[in-house]
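The lines below spell out each chain.
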Amino acid sequence: MSEQNTVGAISQAIETARDSALQAIKSASDLDALRALGVELNKKESQLNSFKSDMGKLSSVEDKRTIGQLLNAAATLISTAIETRTGEFTELEISNRIARESLDLTELLTQRRRGHSHIVTQATQRLEDVFVGLGFQIAEGPEVETDFNNFEALNMPKSHPARSEFDTMFLEYGEPGSVLLRTHTSPVQIRVMKSWKPPIYAIMPGRVFRRDTPDATHMPVFHQIEGLVVDRGITFAHLAGTIEAFTKAFFGDDFSSRLRPSFFPFTEPSAEFDIRRADGEWIELGGCGMVHPNVLRSGGIDPEEFTGFAFGFGIDRMAKERHKVGDIREMYTNDLRFLRQF
Ligand code: DAH
């Protein structure tokens, strides 16, 4: 073999070795693999380094220089490649770590919504706030009631015609017809009178039940709020004044109220009360009256010593009016698109 050929062959072998080293650097899978590769390429016995000893076999100075320059250039290329790739891996690792350790707060903003109370709950809470502001205390009673508290104690004995106005749902419990789902919040009056001593200034919100087919203005389950005042010297004027004060505090100063004669078995005299909107339209709100002496006696209170007034009205319709809901059934279908509006 002529020396010329030998130089050519060595040059080519160097280029092949260089290219395969560069390829290996390019395809190293991570920083560790790259480091191992670097160690491997720097070894004395590595393919490229072995060419250095081949150089000694060359007699021509020129050939030695050619091969020497080729080896140096290859070594520079390889170390630059390792440096570049190391930089890339380090950057990747840093950005991976940042991604791993960072908290994605946008998720909180876009996916988690804060819920809110149902419009009937909102109305109930506002009513409670207003009455507490007028000096009332809040009381609650059970939804499953006795026939006695729901009717009898409220001056509606078994044969009373007013009972048929309440489409009652009875429970199969105890004596037939003795336990029911309360048809109004008025039985809580009896419970409060029995467990508290006068003076009583109480409001009693809660869920009530009637055998009714749902339509745009009726639901078989709805909400009422009851008011009861029992004290010495309470008159009808206190009732009218309280209704007026409540109307202004709850609906606003441009509203007013009126009482119309009516009948309820548990009050005497009885009235219905309406509120007047700023545009002059009257809206029926509920019933009220002076607590019937029989009802005071049912609650263990002497009607000769104490008098009182009571009132009661529906909450759902107020919420419906306030939010201009067309169909009361929509309030209970649990459709979030509807509920989220309020
Ligand atoms: N309980 C009656 C009803 O459900 C409403 C009512 C009327 C309550 C007059 C009262 C009252 O306290 O005095 O229709």
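Up top is the structure.
What this report covers is the structure whose coordinates are included nearby. (Residues numbered from 1 in each chain as written. Predicted model: local features only at pLDDT ≥ 70, side-chain atom pairs only at ≥ 80, totals over all residues. Heavy atoms only, no water.)

**Focus: the pairing of strand β8 (residues 267-276)**
Heads up, the rule is: For two strands to be treated as a pair, DSSP must find at least two bridges joining them. Secondary structure elements are taken from DSSP: a helix is a run of H or I of four residues or more, a strand is a run of E of two residues or more, and numbering for both begins at the N terminus.
Where strand β7 (residues 256-264) and β8 come together, 8 bridges link them in antiparallel fashion. Bridge pairing in β8 links arginine 260 to glutamate 272. Judged from the 8 bridges that link them, β8 and strand β9 (residues 282-291) form a sheet pairing that is antiparallel. Paired with serine 270 across the bridge in β9 is glycine 289.

**Observations regarding helix α3 (residues 47-55)**
Residues spaced three or four apart along an α-helix face the same direction, because each turn holds 3.6 residues. Stated formally: Relative accessibility decides the category of a residue: with a 1.4 Å probe and only protein chains considered, values under 20% of the type maximum give buried, values over 50% give exposed, and everything between is partly exposed. Here the arc refers to the directions that run from the helix axis out to each C-beta atom.
Here α3 has its buried residues at Leu48, Asn49 and Phe51. All buried residues of α3 fall inside an arc of 140° around its axis, so they share one side. Across from the buried face of α3, at angles greater than 90 degrees, the exposed residues are Gln47 and Ser53.

**Considerations on the site of the ligand**
Note the cut-off: For this description, a residue counts as near a given molecule or strand if any of its non-hydrogen atoms is within 4 Å of it. Here a polar contact is taken to be a pair of N or O atoms separated by no more than 3.5 Å, where protein atoms must pair a possible hydrogen donor with a possible acceptor and residues adjacent in sequence count only if both atoms sit in side chains. The Shrake-Rupley method, run with a 1.4 Å probe, gives the accessible areas here. Residue values count only the displayed protein chains as cover.
Close to the ligand lie 16 residues; His184, Ser186, Arg210, Gln224 and Glu226 are nearest. Taking glutamine 189, its side chain carries an N or O atom lying 3.2 Å from an oxygen atom of the ligand. Here an oxygen atom of the ligand sits 3.3 Å away from a polar atom, N or O, in the main chain of phenylalanine 311. Against a free-state accessible area of 350 Å², the protein chains account for coverage of 91% of the ligand. Where the shell around the ligand is concerned, the elements lending two or more residues are β6 (221-231), β9 and β10 (307-314).

**As for the nonpolar core**
Spelled out, the test is: Here the nonpolar core consists of buried residues drawn from Ala, Val, Leu, Ile, Met, Phe, Trp, Tyr and Cys, with membership extended through side-chain atoms lying within 4.5 Å. The criterion used for residue contact is that any of the two residues' heavy atoms lie within 4.5 Å.
Residues Leu127, Phe246, Phe311, Phe313 and Met331 are the most contacted members of the largest nonpolar core, which totals 35 residues. Among the secondary structure elements, those contributing two or more residues to this core are α6 (119-133), β6, α9 (236-251), β8, β9, β10, α11 (316-322) and α12 (336-339). When residues of this core are assigned to their parent elements, the largest contribution, 6 residues, is made by α6. Not counting residues within four places of it along the chain, the set of residues in contact with phenylalanine 246 comprises Leu127, Val130, Phe131, Leu134, Phe251, Leu285 and Phe313. Counting 24 residues, the second-largest nonpolar core is a separate cluster that includes Ala139, Ala153, Ile200 and Met204.

**Looking at the packing of α3 against helix α4 (residues 61-101)**
Under the convention used in this document: Here an angle of 0 to 180 degrees is reported between the N-to-C directions of two axes, which are lines fitted to C-alpha atoms, with helices fitted over the stretch in contact. Just so you know how the angles are binned, under 35 degrees is roughly parallel, over 145 roughly antiparallel, 65 to 115 roughly perpendicular, and the rest oblique. If you view the pair so one helix is near and one far, a crossing is left-handed when the near helix is turned anticlockwise from the far one by less than a right angle, and right-handed when it is turned clockwise.
At their nearest, the axes of α3 and α4 sit 10 Å apart, and the two run at 165° to each other. Between α3 and α4, the angle is such that the two are roughly antiparallel. The crossing of α3 and α4 is left-handed. Seen from α3, the contacting residues are Leu48, Phe51, Lys52 and Met55; seen from α4, they are Lys64, Ile67, Gly68, Leu71, Ala74 and Ile78.

**Section: the side chain of arginine 210**
Quick reminder of the rule: Counting rule applied: Lys, Arg positive; Asp, Glu negative; His and chain ends not counted. Any carboxyl oxygen of Asp or Glu that lies within 4 Å of a side-chain nitrogen of Lys or Arg is treated as forming a salt bridge with it.
Here arginine 210 is to be found in the loop between β5 (200-209) and β6. In this structure, arginine 210 is buried with no salt-bridge partner, the nearest side chain bearing the opposite charge being aspartate 212 at 6.5 Å. Side-chain polar atoms of arginine 210 contact the backbone oxygen of threonine 183, separated by 2.9 Å. Sequence-distant contacts of arginine 210, that is, excluding residues within four places in its chain, are made with Phe166, Asp167, Met169, Thr183, His184, Pro220, Phe222 and Gln224.

**Let's talk about the pattern of salt bridges**
Between side chains of opposite charge, a pair can form as their charged atoms come close. The tally for this structure, following the rule as stated, stands at 21 salt bridges. A salt bridge links lysine 43 to glutamate 40; the nearest nitrogen and oxygen atoms lie 3.5 Å apart. Glutamate 40 sits in the partly exposed class, given a relative accessible area of 44%. Between arginine 207 and glutamate 143 there is a salt bridge, and its shortest N-O distance comes to 3.1 Å.

**Considering the pairing of β10**
Of all 8 residues that make up β10, 6 are buried, and the element is covered over most of its length. Two elements, β6 and β10, share 8 bridges in a ladder whose sense is antiparallel. Among the inter-strand pairings, glutamate 226 is bridged to a residue of β10, identified as glycine 312. Taken together, the 5 bridges between β9 and β10 define a ladder with antiparallel strand orientation. Across the sheet, the residue bridging to glycine 287 is glycine 312, located in β10.

**What to know about the packing of helix α2 (residues 31-42) against α4**
Rule in force here: Charged residues are taken to be Asp, Glu, Lys and Arg, nonpolar residues to be Ala, Val, Leu, Ile, Met, Phe, Trp, Tyr, Cys and Pro, and polar residues to be all remaining types, Gly included.
Interhelical geometry of α2 versus α4 gives an angle of 165° and a closest axis separation of 10 Å. Accordingly, the angle class assigned to the pair α2 and α4 is roughly antiparallel. For the crossing formed where α2 meets α4, the hand is left-handed. Packed against α2, whose contacting residues are Leu31, Leu34, Gly38 and Leu41, the element α4 presents Ile78, Ile82, Arg85, Thr86, Phe89 and Thr90 at the interface. Split into classes, the residues belonging to the contact of α2 with α4 amount to 6 nonpolar, 3 polar and 1 charged.

**What about the packing of aromatic side chains?**
Put simply, the test is: Aromatic rings from Phe, Tyr and Trp, with only the six-membered ring used for Trp, were paired whenever their centres fell within 6.5 Å, and each pair was classed as stacked if the ring planes differed by under 30 degrees, edge-to-face if by over 60, and tilted otherwise. The rule is short: NZ of Lys or CZ of Arg within 6 Å of the ring centre and within 35 degrees of the ring normal puts a charge over the ring.
Counted by the stated rule, this structure contains 15 aromatic pairs. Ring centres of phenylalanine 246 and phenylalanine 313 lie 5.6 Å apart, and the angle between their planes is 35°; this geometry places the pair in the tilted category. Taken as a pair, phenylalanine 246 in helix α9 and phenylalanine 313 in strand β10 lie far apart in primary sequence, 67 residues in all. When the ring of phenylalanine 250 is compared with that of phenylalanine 251, the centres are 4.9 Å apart and the planes differ by 80°; the resulting orientation is edge-to-face. Judged by relative accessible area, which is 7%, phenylalanine 250 ranks as buried. These aromatic residues form a ring-pair network of at least three members: Phe131, Phe136, Tyr201, Phe246, Phe250, Phe251, Phe255, Phe273, Phe309, Phe311 and Phe313. Over the face of the ring belonging to phenylalanine 89 we find arginine 85, whose NZ or CZ atom lies 4.5 Å from the ring centre.

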